[in-house]
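Descriptive analysis of the structure
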Amino acid sequence: RKEVEQDPGPFNVPEGATVAFNCTYSNSASQSFFWYRQDCRKEPKLLMSVYSSGNEDGRFTAQLNRASQYISLLIRDSKLSDSATYLCVVNPYVSWKLVFGTGTRLLVSP
Amino acid sequence: AAGVIQSPRHLIKEKRETATLKCYPIPRHDTVYWYQQGPGQDPQFLISFYEKMQSDKGSIPDRFSAQQFSDYHSELNMSSLELGDSALYFCASSGVGAGANVLTFGAGSRLTVL
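Residues numbered from 1 in each chain as written. Chains lettered and ligands numbered in written order. Predicted model: local features only at pLDDT ≥ 70, side-chain atom pairs only at ≥ 80, totals over all residues. Heavy atoms only, no water.

With that settled, the discussion passes to the overall build of chain A. From N to C terminus, chain A includes zero helices and 11 strands. Each helix (α) and strand (β) of chain A, taken in turn from the N terminus, gives the series β-β-β-β-β-β-β-β-β-β-β. C-alpha atoms of chain A, sized along the principal axes, occupy 40 × 30 × 20 Å. Per-residue burial over chain A gives 47% buried out of 110 residues. (Helix = DSSP H or I, 4+ residues; strand = E, 2+ residues; numbered from the N terminus. Buried < 20%, exposed > 50% of the residue type's maximum accessible area, 1.4 Å probe, protein only.)

The structure is reproduced here in structure tokens:
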């Protein structure tokens, strides 16, 4: 079992749709959680950190459920430019060896 | 703002050759990480350095070695290259304080082994 698992993709949605991605992690001692975005053949870029209380950044909302070891990302009013692979990323413990999920590909169409 | 600089961007080598990738972190970032991403795969952690000392080690083959220099740049040396080493190699850096757990990635070095 992978340390970080994500919903299989790809997700194909029309512009304006709301889409949610889920992620589970196996190490209950994990300290930090992030969503990164990766465009094809480009480097991962931090989308947002995920806090225990949940956090929102514009159209993006991230939630963390420590009891269920579950992280989610909600994208509202999808734009064509949101098309990318979304990587769930976990810091398993105090080291900064981030562990990446395999990513979920999102394709937003007109 | 300055980002993480990697060189070369593209590299083509033959089996059993040697390759060296370089990474220049964001100024004042003291931690450098190397990740390997194969085609269709998620990034896999190789190794990291903090203040020029190895801080963590992942799935880095024995044929690979890396170091961080006094100016904080890092080099990943790969010897006896195999076809399976063909991948995108990302370097990332992080700083201290509130930004210590946020990694900024370079654009990557694409290695093709023929």
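Put simply, an interface is often sized by how much accessible area is lost when its parts join up. Residue-level contacts link 18 residues of chain B with 18 residues of chain A. Summed over the three residues of chain B that lose the most area to chain A, namely B:Asp42, B:Asn101 and B:Phe105, the buried surface amounts to 32% of that side. Run the count over chain B and chain A and you get one salt bridge. The salt bridge involving A:Lys2 is made with B:Asp42; its shortest N-O contact spans 3.7 Å. Where chain B touches chain A, the interface holds three residue pairs in polar contact (both at pLDDT 80 or more). Listing elements by their share of the side of chain B that touches chain A, those giving two or more residues are β4 (31–37), β5 (44–50) and β9 (87–94) of chain B. The biggest single contributor to the side of chain B that touches chain A is β4(B), with three residues. Each residue belonging to the side of chain B that touches chain A can be placed in one class, and the counts come to 11 nonpolar, four polar and three charged. (Contact = heavy atoms within 4.5 Å. Buried area = accessible area lost by both parts, 1.4 Å probe. Salt bridge = Lys/Arg side-chain N within 4 Å of Asp/Glu carboxyl O. Polar contact = N/O pair within 3.5 Å; in protein donor to acceptor, adjacent residues only side chain to side chain. Nonpolar A, V, L, I, M, F, W, Y, C, P; charged D, E, K, R; others polar.)

Moving on, we get to the pattern of salt bridges. Counted by the stated rule, this structure contains eight salt bridges over all chains. Put simply, A:Lys79 and A:Asp77 hold a salt bridge, and the shortest N to O gap is 2.9 Å. Taking relative accessible area as the criterion, A:Asp77 reaches 35% and is therefore assigned partly exposed. Counted as one network, the salt bridges with shared partners bring together B:Arg63, B:Glu82 and B:Asp85.

Bringing the packing of aromatic side chains into the picture now. Aromatic ring pairs are described here by two measures, namely the spacing of the ring centres and the angle between the planes. Applying the stated criterion across every chain yields a total of 12 aromatic pairs over all chains. Ring geometry for A:Tyr36 against B:Phe105: centres 5.8 Å apart, planes inclined by 85 degrees, an arrangement best described as edge-to-face. Taken together, the residues A:Tyr36 in strand β4 (residues 32–38) and B:Phe105 in strand β10 (residues 104–105) connect one chain to another. For A:Tyr36, a relative accessible area of 0% gives the class buried. Assessed through its relative accessible area of 5%, B:Phe105 is described here as buried. Among the aromatic residues, those joined into a ring-pair cluster are A:Phe34, A:Tyr36, A:Phe100, B:Tyr35, B:Phe45, B:Phe90 and B:Phe105. (Phe/Tyr/Trp six-rings, centres within 6.5 Å; stacked < 30°, edge-to-face > 60°.)

Treat this as a map of the structure, not an account of what it does.
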